[in-house]
Amino acid sequence: MKKGQVYEGTVTKVSFPNKCEVVVEGEEKKVEIKNALPGQRVSFRLSKMRHGKGEGNLLEVLEPAACELAKDEIACPHFGACGGCTYQNLSYEEQLKLKETQIRALLEPVLAQDGKDFSIFEGIKHSPHQFGYRNKMEFSFGDTCKGGELALGMHKRGSFYDIVVVDECQIVDADFRKILKTTLEYFRSRNATYFHRNTHEGYLRHLLVRKAAKTGEILVDLVTTTQVQDDELLDGFTRALTELSYDGTLTGVLHTKNDSVADAVKDEGTQILYGQDYFYEELLGLRFKITPFSFFQTNSLGAEVLYELARSYVGELDQQDGATVYDLYSGTGTIAQMLAPVAKKVIGVEIVEEAVEAAKENAARNGLANCEFLAGDVLKVLDGIEEKPDFIVLDPPRDGIHPKALEKIIRYNVQRMVYISCKPTSLARDLEVLQARGYEVQRIACVDMFPGTVHVETVCLLSRKAQ
C-alpha cells in the first residue's frame, strides 16, 4: 500500500470519536478514516502508512450500511457537506446503539481492571428533542470556495477554510436560521469583507447566537476585527435584526471585537448595540442569567435530564451536621445550585471569571445563601479552601482533570463522588487512576445531549473501597 493511492474496503467498526476502521480489499491491512459507518463499503485515499497502521481520507461511500437512512430520509439538507453532524444518516435509535457500543469499548476494559463487568451500565437516556435542541451556535464568516461570495455558516467537512451556508440547519430552531439568513443578506448587500486566516485582513469573523429553550429569550453577538470602524454599518445590522418577527424574544444585539490570530471567538471588548448583554434560562425550577461567553449546556432540555441523573447519583446527603459539597469545574453553578437545598454548603470552582460572577448572581436570584463560588484553576484553588468536602462533583472540560488536580481530589478521601464527562476517552483515563487509588465505579449511565453528532455525556458514581 502506497501513500496517495486510492483503495476500497469495508468499515468494520467505529470508535469514539469518529475513528472508523476499514479492512482493505485484497490486503491484510486495516486503515483508519473518519465520517463513515459500520458496514459501509468505501473508497479512500491513503494519507499515511507507518508500522503497519494506515490513515486515509474518505472519498466516497460505494455501498451504504444496512442500518443507514436513505438520502431522502435524512432531515438536514446540509448533511455530508457540513462538518457539524456525523450521524444524521442514522435513525435516532441506531445513533444511540452506536454510541453505547463506543462507550462499552472504552469503559469495559477499565472496569475489568477492577474486577467489574459492564452490567453496571444503565444505558443511554434520550435527548428530549432530536432536532432543534441547541441553545447556542457559533457561525463563521468566510466563503464557500476560494474567491467566492461571502458565506456564513459552518466549516465544510474536512476543510479549515470553506464555509457551508447552513440556512436549513436542523439542530437549531427557526429563529437561528432566520438570524443567519438576515445577517448574511445584510452584509452581502454592503460588500463587507471577512477575516482571512492567512492574510489576517478583513472585518467579519463570527456570529454567536444563543436562545433559551424555556424563556425563548435570544442574544445575538457579531464578532469582528477592528479593521473597519463604521457605526452606520452596525446600526443597519441592528435594525435588520430588530425588525424581524421571532418565535422567541430578541433581548440583545452585541458587537464583540477580536483581533487575535486564532480562529476562535475571543472577547477583546463587547458593546451593546440593542437591549442587554444577557438572557435568562430556566432549568429544574431554577433561573439562570447567561452572558455571551459564559458556559452553559447547549441542550437545555437535555441538561435537565443530565442533572436529574446526576442528582439521583448523589442521593441523600444525610451527614449529621450537613454536607459540604465541592462542585469542581462548576461553570455558571447549575449543579451547585441544584444540590444547595440538601447540603450544608456548596463550594463551586470555575476558571472562567465571567461564569463565576454569573453563578453568584444566579444563586442570589434563586435564594440560595449556602453557595460559594471561587474563580481560578482547580489545581491552585483547592489549596486555599479551608472547609473539607464530604462529597465531590466533577464536571471537567473535554480534556478531563489535570493529573495533579486529580491527586489532590483523591487525597480528600470522600466516600462518594460523581464524575460527569463530555469526553469518554478522558473519563476512561481518569477512572483508571481513581480505581488504582482506592475508588470503584458503582453506577454508569449516559445522556445523549448532542443528537446527530459523535458526542455523548457520561455520568459515573464512584465510592471509596472498603479498607
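Structural notes, computed from the coordinates. (Residues numbered from 1 in each chain as written. Predicted model: local features only at pLDDT ≥ 70, side-chain atom pairs only at ≥ 80, totals over all residues. Heavy atoms only, no water.)

Next up on the list: the sheet that holds strand 5 (residues 53-63). Around the barrel, which closes on itself, the five strands sit in the order 1-2-3-5-4 with mixed pairing between neighbours. Each strand axis lies, on average, 50° off the axis of its neighbour in the sheet, ignoring direction. Pairing between strand 2 (residues 19-24) and strand 3 (residues 30-33): four bridges, direction antiparallel. If you follow V22 over to strand 3, its bridge partner there is V31. (Pairing = 2+ DSSP bridges. Helix = DSSP H or I, 4+ residues; strand = E, 2+ residues; numbered from the N terminus. Axes fitted to C-alpha atoms, helices over the stretch in contact; angles between N-to-C directions.)

Here we take up the layout of surface pockets. Taken as a whole, the second largest pocket spans an internal volume of roughly 860 Å³. In terms of lining, the second largest pocket is formed by 30 residues, of which the most central are N35, L58, V61, G80 and R157. When residues of the lining of the second largest pocket are traced back to their parent elements, those giving at least two are strand 3 and strand 5. When residues of the lining of the second largest pocket are assigned to their parent elements, the largest contribution, seven residues, is made by strand 5. Class assignment of the residues belonging to the lining of the second largest pocket gives a composition of 14 nonpolar, nine polar and seven charged. (1 Å grid on protein atoms, 1.4 Å probe; cavity = no way out; pocket = protein on both sides within 12 Å on 5 of 7 lines; lining within 4 Å. Points joined across faces, edges and corners; volume = space filled by probe spheres on them. Nonpolar A, V, L, I, M, F, W, Y, C, P; charged D, E, K, R; others polar.)

This part is about the nonpolar core. Counting 83 residues, the largest nonpolar core has F139, F141, F187, L204, L207 and F237 as its most contacted members. In terms of residue count, helix 4 (residues 300-314) provides more of this core than any other element does, eight residues in total. Apart from the residues lying within four places of it in its own chain, the contact partners of F139 are L152, G153, M154, V166, L180, R205, H206, L207 and V209. By size, the runner-up hydrophobic cluster in this structure holds 42 residues, among which are F118, Y329, L394 and I401. (Core = buried A, V, L, I, M, F, W, Y, C linked by side-chain atoms within 4.5 Å. Buried < 20%, exposed > 50% of the residue type's maximum accessible area, 1.4 Å probe, protein only. Contact = heavy atoms within 4.5 Å.)

Helix length check: helix 9 (residues 424-436) (13 residues) gives 18 Å between terminal C-alpha atoms against 18 Å at 1.5 Å per residue, within 8%. In the stretch just after helix 9, G438 is the one whose phi turns positive, near 105°. (Expected span 1.5 Å × (residues − 1).)

Our next topic: the sheet that holds strand 8 (residues 150-155). What the seven strands build is an open sheet, ordered 9-8-7-10-11-12-13; its pairing is mixed. Pairing within the sheet leaves two strands with one partner each, and these edge strands are strand 9 (163-164) and strand 13 (270-275). Relative to strand 11 (residues 217-224), strand 10 (residues 204-211) is paired through seven bridges, and the arrangement is antiparallel. Bridge pairing in strand 11 links L207 to L222.

Time to look at the packing of aromatic side chains. Counted according to the given criterion, the structure contains nine aromatic pairs. Between the aromatic rings of F187 and F237, the centroid separation amounts to 5.4 Å while the plane-to-plane angle is 35°, which identifies the pairing as tilted. Here F187 is found in helix 2 (residues 174-189), whereas its partner F237 is found in helix 3 (residues 231-242), with 50 residues between them in sequence. Exposure remark for F187: the relative accessible area of 0% places this residue in the buried category. Pairwise contacts between aromatic rings join F141, Y186, F187 and F237 into one cluster. The lysine or arginine in question, R205, covers the ring of F195, its NZ or CZ lying 4.1 Å from the ring centre. Directly above the aromatic system of Y280 lies the positively charged group of R287, at a separation of 4.4 Å from the ring centroid. (Phe/Tyr/Trp six-rings, centres within 6.5 Å; stacked < 30°, edge-to-face > 60°. Lys NZ or Arg CZ within 6 Å of the ring centre and 35° of its normal.)

Moving on: unusual backbone geometry. Residue P17 follows F16 across a cis peptide bond; omega there is -5°. Locating P17 in the fold gives a position in the loop between strand 1 (6-15) and strand 2. For H200, which is not a glycine, the phi torsion comes out positive at approximately 60°. Mapped onto the fold, H200 is located in the loop between helix 2 and strand 10.

Per the stated rule, a full pass over the model turns up 25 salt bridges. Between E108 and R104 there is a salt bridge, and its shortest N-O distance comes to 3.2 Å. Highlighted residues: E108 and R104, both in helix 1 (residues 92-112), separated by four residues, approximately one helical turn. Judged by relative accessible area, E108 falls into the partly exposed class, the value being 33%. The exposure class assigned to R104 is partly exposed, which follows from its relative accessible area of 34%. Ionic pairing is found between E361 and K289, a salt bridge with its closest N-O pair at 2.9 Å. With a gap of 72 residues between them, E361 in helix 6 (residues 353-365) and K289 in strand 15 (residues 286-290) connect regions that are remote in the sequence. For E361, a relative accessible area of 34% puts it in the partly exposed group. (Salt bridge = Lys/Arg side-chain N within 4 Å of Asp/Glu carboxyl O.)

Let us now look at the pairing of strand 15. Strand 15 sits mainly inside the fold: four of its five residues count as buried. As paired elements, strand 14 (residues 279-283) and strand 15 share five bridges and run antiparallel to each other. Residue pairing across strands places F279 opposite I290, the latter belonging to strand 15.

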